[in-house]
Amino acid sequence: MTNYSKILERDQQYLWHPYSAMHSDHPIYPVSSAHGVHIKLADGRQLIDGMSSWWSAIHGYNHPVINQAICDQLQNMSHIMFGGLTHQPAADLATQLVEITPASLQTVFFVDSGSVAVEVAIKMAIQYWYARKQPEKNKLLTIRQGYHGDTFGAMSVSDPVNGMHRLFAESLSPQFFADAPRCRFDQPCLAADIAPLALQLQNHHQHIAAVILEPIVQGAGGMNFYSPDYLKQVRSLCDQYQVLLILDEIATGFGRTGQLFACQHAAIEPDILCLGKALTGGYMTLAATLSTLDISQTISNGEPGVFMHGPTFMANPLACSAALASLKILLDSPWQQRIKQIEKHLTTGLAPCKQFPQVKDVRVLGAIGVVEMHQAIDLKTLQPQFVDAGVWVRPFNRLIYLMPPYIIDTQQLNVLTHAITKIVSTLCQE
Ligand SMILES: *Cc1c(COP(=O)(O)O)cnc(C)c1O
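Residues numbered from 1 in each chain as written. Predicted model: local features only at pLDDT ≥ 70, side-chain atom pairs only at ≥ 80, totals over all residues. Heavy atoms only, no water.

### Let's talk about the overall build of the protein
Thought 1: Looking only at helices and strands, the protein features 13 helices and 16 strands.
Thought 2: Scaling as 2.2 N^0.38, a compact globule of 430 residues should have a C-alpha radius of gyration of about 22 Å, and the protein matches this with 22 Å.
Thought 3: Seen along its three principal axes, the alpha-carbon backbone of the protein occupies a region of about 65 × 55 × 45 Å.
Thought 4: Relative to its 430 residues, the protein shows a buried fraction of 53%.
Thought 5: Across the protein, every contact between residues at least 6 apart in sequence was considered, and the portion connecting residues at least 24 apart equals 71%.
Thought 6: Here the protein displays about 19,200 Å² of accessible surface, and carbon together with sulfur accounts for 54% of that area.
Thought 7: Placing the 28 positive and 34 negative side-chain charges of the protein at their respective mean positions leaves the two points 4 Å apart. (Helix = DSSP H or I, 4+ residues; strand = E, 2+ residues; numbered from the N terminus. Rg over C-alpha atoms; globule rule 2.2 N^0.38 Å. Buried < 20%, exposed > 50% of the residue type's maximum accessible area, 1.4 Å probe, protein only. Contact = heavy atoms within 4.5 Å. Areas by Shrake-Rupley, 256 points an atom, 1.4 Å probe, with all protein chains shown as cover. Lys, Arg positive; Asp, Glu negative; His and termini not counted. Charge placed at Lys NZ, Arg CZ, Asp CG, Glu CD.)

### What to know about the site of the ligand
Thought 1: Around the ligand, the surrounding shell consists of S113, G114, S115, Y147, H148, G149, E214, D248, I250, A251 and K277.
Thought 2: In the environment of the ligand, an oxygen atom lies 2.6 Å from a nitrogen or oxygen atom belonging to the side chain of S115.
Thought 3: Residue composition of the shell around the ligand, by class: three nonpolar, five polar and three charged. (Near = heavy atom within 4 Å. Polar contact = N/O pair within 3.5 Å; in protein donor to acceptor, adjacent residues only side chain to side chain. Nonpolar A, V, L, I, M, F, W, Y, C, P; charged D, E, K, R; others polar.)

### Observations concerning the sheet that holds strand β11 (residues 272-275)
Thought 1: The sheet built from seven strands is open, its strands ordered β4-β12-β11-β10-β7-β5-β6 with mixed pairing. Each end of this open sheet is capped by a strand with a single partner; those strands are β4 (105-111) and β6 (176-178). Each neighbouring strand pair of the sheet contributes to a mean axis angle of 20°, computed without reference to strand direction.
Thought 2: Across six bridges, β4 lies against strand β12 (residues 287-292) in antiparallel orientation. For V108, the partnering residue across the bridge sits in β12 and is L290. (Pairing = 2+ DSSP bridges. Axes fitted to C-alpha atoms, helices over the stretch in contact; angles between N-to-C directions.)

### Overview of the side chain of T289
Thought 1: Position of T289 relative to the elements: it lies in strand β12.
Thought 2: The exposure class assigned to T289 is buried, which follows from its relative accessible area of 1%.
Thought 3: In terms of polar contacts, T289 uses its side chain to reach the backbone carbonyl oxygen of A117, at 2.9 Å.
Thought 4: If near-sequence neighbours (up to four positions away) are discounted, T289 is found in contact with T107, V108, F109, A117, V120, A121, M124, I272 and L273.

### Structural notes on the domain arrangement of the protein
Thought 1: Domain boundaries assigned for the protein yield domain 1 (3-62 + 334-427) and domain 2 (67-332).
Thought 2: In this structure, domain 1 and domain 2 have C-alpha centres spaced 27 Å apart.
Thought 3: Opposite the 27 residues of domain 1 that make contact, domain 2 presents 31 residues.
Thought 4: When the two sides are added together, the surface that domain 1 and domain 2 hide from each other amounts to roughly 2,500 Å², 63% of it contributed by carbon and sulfur. (Domains from an automatic or database assignment. Buried area = accessible area lost by both parts, 1.4 Å probe.)

### Some points on the pattern of salt bridges
Thought 1: A complete count under the given rule lists 12 salt bridges for this structure.
Thought 2: Residue D43 is joined to R45 by a salt bridge in which the shortest nitrogen-to-oxygen separation is 3.0 Å.
Thought 3: Of the residues examined, D43 reaches a relative accessible area of 39% and is grouped as partly exposed. (Salt bridge = Lys/Arg side-chain N within 4 Å of Asp/Glu carboxyl O.)

### Considering the packing of aromatic side chains
Ring pairs (aromatic) are described by centroid distance and by the angle formed between their planes.
Thought 1: Under the counting rule described, the total for this entry stands at seven aromatic pairs.
Thought 2: Taking 6.1 Å as the distance between ring centres and 75° as the angle between the ring planes, the aromatic pair formed by Y29 and W392 counts as edge-to-face. Pair noted here: Y29 is in the loop between α1 (3-14) and β1 (31-35) and W392 is in strand β15 (residues 391-392), with a separation of 363 residues, a long-range link. The burial state of Y29 is the same as that of W392; both residues are buried.
Thought 3: An angle of 65° between the planes, with centres 5.5 Å apart, marks the rings of F254 and F261 as edge-to-face. Here the two residues F254 and F261 agree in accessibility, since each one is buried.
Thought 4: For K137, the ring lying beneath its charged end belongs to W129, and the centroid distance is 4.6 Å. (Phe/Tyr/Trp six-rings, centres within 6.5 Å; stacked < 30°, edge-to-face > 60°. Lys NZ or Arg CZ within 6 Å of the ring centre and 35° of its normal.)

### Looking at the pairing of strand β3 (residues 46-49)
Thought 1: Sheet analysis places strand β2 (residues 38-41) next to β3, joined by three bridges and oriented antiparallel. Pairing of I39 across the sheet is with L47, part of β3.
Thought 2: Across two bridges, β3 lies against β15 in parallel orientation. By the bridge assignment, D49 is partnered in β15 with W392.

### Brief notes about the nonpolar core
Thought 1: One finds L97, L197, F254, V371, I400 and I420 to be the most contacted residues of the largest nonpolar core, which totals 135 residues.
Thought 2: Looking at which domains feed residues into this core, each of domain 1 (3-62 + 334-427) and domain 2 (67-332) supplies at least three.
Thought 3: I66, I70, A322 and I329 belong to the second largest nonpolar core, which has seven residues in total. (Core = buried A, V, L, I, M, F, W, Y, C linked by side-chain atoms within 4.5 Å.)

### Focus on the side chain of H87
Thought 1: Along the chain, the position of H87 falls in the loop between α3 (64-76) and α4 (88-100).
Thought 2: We classify H87 as buried; its relative accessible area is 6%.
Thought 3: Side-chain polar atoms of H87 contact the backbone oxygen of A315, separated by 3.1 Å.
Thought 4: Dropping the residues within four chain positions of it, H87 is found in contact with M77, I80, F82, A315 and P317.

Spelled out as structure tokens, the structure:
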């Protein structure tokens, strides 16, 4: 038996994968290594990566500078508890994050994953109003088609249908929802777009601690790009009704949309910001929740006098070192220019898909390209077609999308967009 089939056999027997069934007949591909934009399968085939391992591997795989940073840190210590102790990688990274994020964000809470960064953000918002002696402000308001993670607090503010709120009805905190805006990225926000959220705020602001949103790009909930104008109006409504604004930039952060942070398209600042995914360049799991000084001080000076959260692996030094190296690579690179070039190529490369009747929409923003179909696609038959075409593309539901590493070149981008165009065209002949 080959190594490839041995891995597969044990995988089949023992392993769960994200959002999948045990012992399913969906294809799974053993990977032996990854370099730059290439993923090498254990049977020797090589794929061009169109996914950046879900938004995270922005510099490609096996980057010598991040490798070295982790090796260096490993010689000192791979981990140390963060209760009562601190270290340079955490202090350096917090300083950098405060410097590059919007000015009002002044403090940093490190956690192990995006979902937990969202949990921390929700706790901060609730604890803030508790400390201000308004404990009845303890609900969240959000828009439909959002995605904020898989833990219970994060699930409670994710889209009720996609997030299967029905299934978890007894266990999820009920929150307030408003319809998502229809205005696209390049369109003005109409009264009808903002009205649903404005109405919820008007009716329930006494009970709302914070609005939580993915700025500009709704990711896993539908890959929708909405108008910066909408985000501006949300900011002023939050001010008007004394509600905090949490922005979840776990997917959009670190340049993906063409701005370092997506909220910069709207020139607004949140009260709380969640970062994750690309934070370590896709190397290790690390996320962060930043907040204003007002929030941090109010929580610290109020009842019970401490913020009630503290993960075992908080501010893991290896992960902080990877993040510092990744940030340096990003900020030293011509990333704006690269994202613009990727945007241009995705726009022309995916445009032919518009002609096919099964395609509902094609949209591109920054280094994100989306082909939205009318019907859900059959991953079981499509996934092998992409692999045969030499690309790693992982569609979900009605969406075939690309978010390649920023280092991808024109020719590699062409391979990705040709593969999508060709596979979509054969879908449309059936
Ligand atoms: C991926 C994602 C999360 C959850 O992050 P995990 O690291 O998977 O827990 C939260 N919010 C957004 C916007 C995301 O894209």
